[in-house]
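Examination of the molecular architecture
The residues making up each chain are set out below.
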Amino acid sequence: MNQEYGREDEDDFEPEATRRDAGDAESSRASRGWWDRNADEYQSDHGAFLGDARFVWGPEGLDEADAELLGPAGALKGLDVLEIGAGAAQCSRWLAAQGARPVALDLSHRQLQHALRIGDDVPLVEADAGALPFRDGSFDLACSAYGAVPFVADPVQVFREVRRVLRPGGRWVFSVTHPIRWAFPDEPGPEGLSVSASYFDRTPYVEQDERGRAVYVEHHRTIGDRVRDVVAGGFRLLDLVEPEWPEWNSQEWGGWSPLRGNLIPGTAIFVCERGGTA
């Protein structure tokens, strides 16, 4: 759950944090606005960690170069890869450096402007993950490092769209905040180590303005929910990776920190394969 607040207009305001229902349209609108407002700060704060052409799965710093969750780096050459929620397309640039043919998709126009600032070597598409603007069977692989999935009300719709644009046997790998984190305060220090909410409460986390309009929405699923969503979307779950916090990583990123990372998981990575032949 995010504590970095945006701006709806030029007047300062402190959004109200609450838990309430938020549907597809409201969630999508809030996400687009939040990332457009906060892209500059996000890239300034985290750009050095993310790099310009690095594929990192989350705040722990697990690199795809080491994890090979999409497959061996040498086997990526010539593959068509879709990155969903690409931000400034850092992961896509790493994929391109391995010889893949990535396409970087994001809902936020401002995030994609940062991608252009870094370089114009990767095709960029501004679109919603729930309605991918590609033909059936366009890609060999799809990936998302904390992009789109935590912010959508209907992840199964996203997964079905990903399945549609993948070729048979295509792999879909995505990372999200580990569901157990929803039971704890979003704080990096000792105050973030005590359970404060029910893990089983699926009510979305919403930040809203003074008129009750959502300006940030994040949706919670349990581990079991995520597995069922993957299957309902037409995929087989091959692996569930929970990265451990490495000794070299001393950074704090929102609620992620060495203190918490050494005690409870912060990221869950789902490695999936497209089922069926049609």
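About the cut-offs
- Residues numbered from 1 in each chain as written.
- Predicted model: local features only at pLDDT ≥ 70, side-chain atom pairs only at ≥ 80, totals over all residues.
- Heavy atoms only, no water.
- Helix = DSSP H or I, 4+ residues; strand = E, 2+ residues; numbered from the N terminus.
- Buried < 20%, exposed > 50% of the residue type's maximum accessible area, 1.4 Å probe, protein only.
- Contact = heavy atoms within 4.5 Å.
- pLDDT = per-residue confidence, 0-100.
- Axes fitted to C-alpha atoms, helices over the stretch in contact; angles between N-to-C directions.
- Parallel < 35°, antiparallel > 145°, perpendicular 65-115°, else oblique.
- Left-handed = near helix turned anticlockwise from the far one by under 90°.
- Nonpolar A, V, L, I, M, F, W, Y, C, P; charged D, E, K, R; others polar.

Concerning the overall build of the protein
The secondary structure content of the protein amounts to seven helices and 10 strands. In terms of overall dimensions, the protein has C-alpha extents of about 50 × 40 × 35 Å along its principal axes. The buried share among the 278 residues of the protein stands at 56%. Here the analysis covers contacts within the protein between residues at least 6 apart in sequence; of these, 72% occur between residues at least 24 apart.

Here we look at the confidence of the model for the protein
For any part of a model where pLDDT is low, the fine detail of the predicted coordinates should not be relied upon. Mean pLDDT for the protein: 94, with 95% of residues reaching 70 or above. Counting interchain partners and residues more than four positions distant, the pLDDT-below-50 stretch residues 1-10 has 34 contacts.

Structural notes on the packing of helix α5 (residues 155-165) against helix α6 (residues 223-232)
Where α5 contacts α6, the two axes come as close as 8 Å, and the packing angle between them is 40°. Classified by the interaxial angle, the pair formed by α5 and α6 is oblique. The chirality of how α5 crosses α6 is right-handed. The residues of α6 that touch α5, namely those facing P155, V156, F159 and R160, are R226, D229, V230 and A232. Looking at the contact of α5 with α6, its residues break down into five nonpolar, no polar and three charged.

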